Amino acid sequence: MKLKTAEKAPPKKTLPPDELLSVRDWLRFLMSRMGAAEVAFGQGFIDAWDEAVYLVLHTLHLPLDRLEPFLDAALTADECERLMRVVERRCEEREPAAYITGEAWLGGLRFRVDPRVIIPRSHLFELMQEGFSPWLDEAGAPARILDLCTGSGCLAVAAAHVFPEARVDAVDLSADALKVAQLNIHDHGLRDRVEVLHGDLFDALEDRRYDLILCNPPYVTDAAMDALPEEFRKEPAMALGAGADGMDIVRRLVADAGRHLNPGGLLLVEVGRNQAEAEAALPGLPLVWLDTDSAAAPVFLLRAEDLTG
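Quantities reported herein were computed from a predicted structural model and do not represent experimental measurements.

(A) Representation of the overall build of the protein chain in the model. Along the backbone of the protein chain there are 12 helices and nine strands. The burial tally for the protein chain puts 49% of its 309 residues in the buried class. Summarising the internal contacts of the protein chain: among those between residues at least 6 apart in sequence, 67% fall at separations of at least 24. Summed over its atoms, the accessible surface of the protein chain is roughly 15600 Å², and 52% of this surface lies on carbon and sulfur atoms.

What follows is the structure, given as structure tokens:
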């Protein structure tokens, strides 16, 4: 005679507090909960207010750029329950906002994201908004662009928008990440101009050459990886960590980049706060450090002639 196994009871649903009636109430509540939980920012948002506004408006299917008209709108019981689940995911489970909503934004560009890819954030994107001026001014707009370590494909897509005549290759070692990149390329209508390639840095490129190579590689040091907040541990480790000094990938890409640059071509590499580590790892190279509005020297530039002697 078979004994029936006890069925697991479904997890109890946390009911939202009765006092939370309006959008304004939920914004205050979410910010308080984020403060109490000491959540970490930096994955698309730099403070609790901007992130709370985004999460509430997105959950309620309201325009992301129009908060004021809805602040005192009363919410239904179903809407409150959905917001309560978002609060739990963000503050108790420490899930990044982009993974909760399934999207991230760079400027006005929307990208699909999930835990297969690092959440888009890039100083290279900031520099791209000026067309990499003045560095590309003499050479003119690039005809061929390479985005190494493409992840979600965000920089490849952005480059195709900024340089509408260019063809772009997007390369990543992660096959899972490239599945997300392909979705984003399709969403932006760029399948005829952006090609996805699976491989380790330049391995899949044979003899292809480019006018512009962009790379936002893994550059987090071992020590920094050990100290990462929980939210950042939700991202793929291979997209973040790069050895004791964070330069394992940077050394390799700089060593091989010269073979894939056209004369006059440029290599731009993002290394965040690792300027000292990059200079120590690449002695003798004339690194040109570029500032952005949000950071000092997060990106270095090398010319093709610097890499080919």
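Don't stop here, the text continues.
(B) Highlighting the environment of Ile 145. Relative to the helices and strands, Ile 145 is located in strand E3 (residues 144–148). With relative accessibility at 0%, the residue Ile 145 sits in the buried group. Considering only alpha carbons, one finds Ile 145 and Arg 209, 64 residues apart in sequence, at a separation of 8.7 Å. Beyond its immediate chain neighbours, meaning those up to four positions away, Ile 145 contacts Ala 159, Phe 163, Ala 166, Arg 167, Val 168, Asp 169, Tyr 210, Leu 212 and Leu 214.

(C) Highlighting the pattern of salt bridges. On inspection of all chains with the given rule, the structure shows 21 salt bridges. Arg 112 is the salt-bridge partner of Asp 187, the closest N and O atoms lying 2.7 Å from each other. Of this pair, Asp 187 sits in helix H7 (residues 175–187) while Arg 112 sits in strand E2 (residues 109–112); the two residues are 75 residues apart in sequence, bridging distant segments of the chain. A salt bridge links Arg 251 to Asp 245; the shortest N-O distance between them is 2.3 Å. What makes Arg 251 partly exposed here is its relative accessible area of 33%. Salt bridges sharing common partners tie together Glu 51, Arg 90, Arg 94 and Glu 231.

(D) Layout of unusual backbone geometry. Following Ser 133, the chain continues to Pro 134 via a peptide bond in cis, the omega torsion being 5 degrees. On the secondary structure map, Pro 134 appears in the loop between helix H5 (123–128) and E3. For Glu 38, which is not glycine, the phi torsion reads 55 degrees and is therefore positive. Mapped onto the elements, Glu 38 comes out in the loop between helix H1 (23–37) and helix H2 (48–59).

(E) Summary view of H1. Taking 1.5 Å of rise per residue, 15 residues should cover 21 Å, and H1 covers 21 Å from first to last C-alpha, within 8% of that figure. Packed against the buried residues of H1 are H2 and helix H3 (77–91). Looking one or two residues beyond H1, the residue adopting positive phi is Glu 38, at roughly 55 degrees.

(F) Spotlight on the side chain of Arg 193. Examined against the element boundaries, Arg 193 turns out to sit in the loop between H7 and strand E5 (194–198). For the buried Arg 193, no salt bridge exists, and the shortest N-O distance to an oppositely charged side chain is 5.7 Å, to Asp 192. A polar atom in the side chain of Arg 193 sits 2.9 Å from the backbone oxygen of Ala 166. If sequence neighbours within four positions are ignored, Arg 193 has contacts with Ala 160, Phe 163, Pro 164, Glu 165, Ala 166, Arg 167 and Val 168.

(G) Representation of the packing of H2 against H3. Packing of H2 against H3 brings their axes to within 10 Å, and their N-to-C directions diverge by 140 degrees. The pairing of H2 with H3 is recorded here as oblique in orientation. Relative to H3, the crossing made by H2 is right-handed. Contacts between H2 and H3 involve Glu 51, Leu 55, Val 56 and Thr 59 on the former and, on the latter, Arg 82, Leu 83, Val 86 and Arg 90.

(H) How the structure looks around the sheet that holds strand E8 (residues 288–290). Taken in spatial order, the seven strands line up as E5-E4-E3-E6-E7-E9-E8 in an open sheet, and their pairing is mixed. The sheet terminates laterally at E5 and E8, the two strands that pair on one side only. The sheet shows a mean angle of 20 degrees between the axes of neighbouring strands, direction not considered. Across five bridges, E3 lies against strand E4 (residues 167–172) in parallel orientation.

(I) Inspection of the pairing of strand E1 (residues 103–106) at higher detail. Sheet topology note: the E1/E2 ladder contains four bridges and is antiparallel. Opposite Glu 103, over in E2, you have Arg 112 as the bridge partner.

(J) How the structure looks around the confidence of the model for the protein chain. Looking at the protein chain, the pLDDT average stands at 92 and 95% of residues meet or exceed 70. Confidence, expressed as mean pLDDT per element, reaches its minimum in the protein chain at helix H12 (residues 304–308) with 89 and its maximum at E4 with 98.

(K) Inspection of H7 at higher detail. With 13 residues, H7 ought to run about 18 Å at 1.5 Å a step, and its terminal C-alpha atoms sit 19 Å apart, in line with that. Inspection of H7 places Ala 177, Leu 178, Val 180, Ala 181, Asn 184 and Ile 185 among the buried residues, and these make up the whole buried set. Along the axis of H7, the buried residues cluster in a sector spanning 160 degrees; they form a single face. Check the buried side of H7 and you find it contacts E2, helix H6 (154–162), E4 and E5. Where H7 ends, the next residue or the one after it, Gly 189, has phi of about 65 degrees, a positive value.

Each value, and the rule that gives it
- Residues numbered from 1 in each chain as written.
- Predicted model: local features only at pLDDT ≥ 70, side-chain atom pairs only at ≥ 80, totals over all residues.
- Heavy atoms only, no water.
- Helix = DSSP H or I, 4+ residues; strand = E, 2+ residues; numbered from the N terminus.
- Buried < 20%, exposed > 50% of the residue type's maximum accessible area, 1.4 Å probe, protein only.
- Contact = heavy atoms within 4.5 Å.
- Areas by Shrake-Rupley, 256 points an atom, 1.4 Å probe, with all protein chains shown as cover.
- Salt bridge = Lys/Arg side-chain N within 4 Å of Asp/Glu carboxyl O.
- Expected span 1.5 Å × (residues − 1).
- Lys, Arg positive; Asp, Glu negative; His and termini not counted.
- Polar contact = N/O pair within 3.5 Å; in protein donor to acceptor, adjacent residues only side chain to side chain.
- Axes fitted to C-alpha atoms, helices over the stretch in contact; angles between N-to-C directions.
- Parallel < 35°, antiparallel > 145°, perpendicular 65-115°, else oblique.
- Left-handed = near helix turned anticlockwise from the far one by under 90°.
- Pairing = 2+ DSSP bridges.
- pLDDT = per-residue confidence, 0-100.
- Arc of directions from axis to C-beta.

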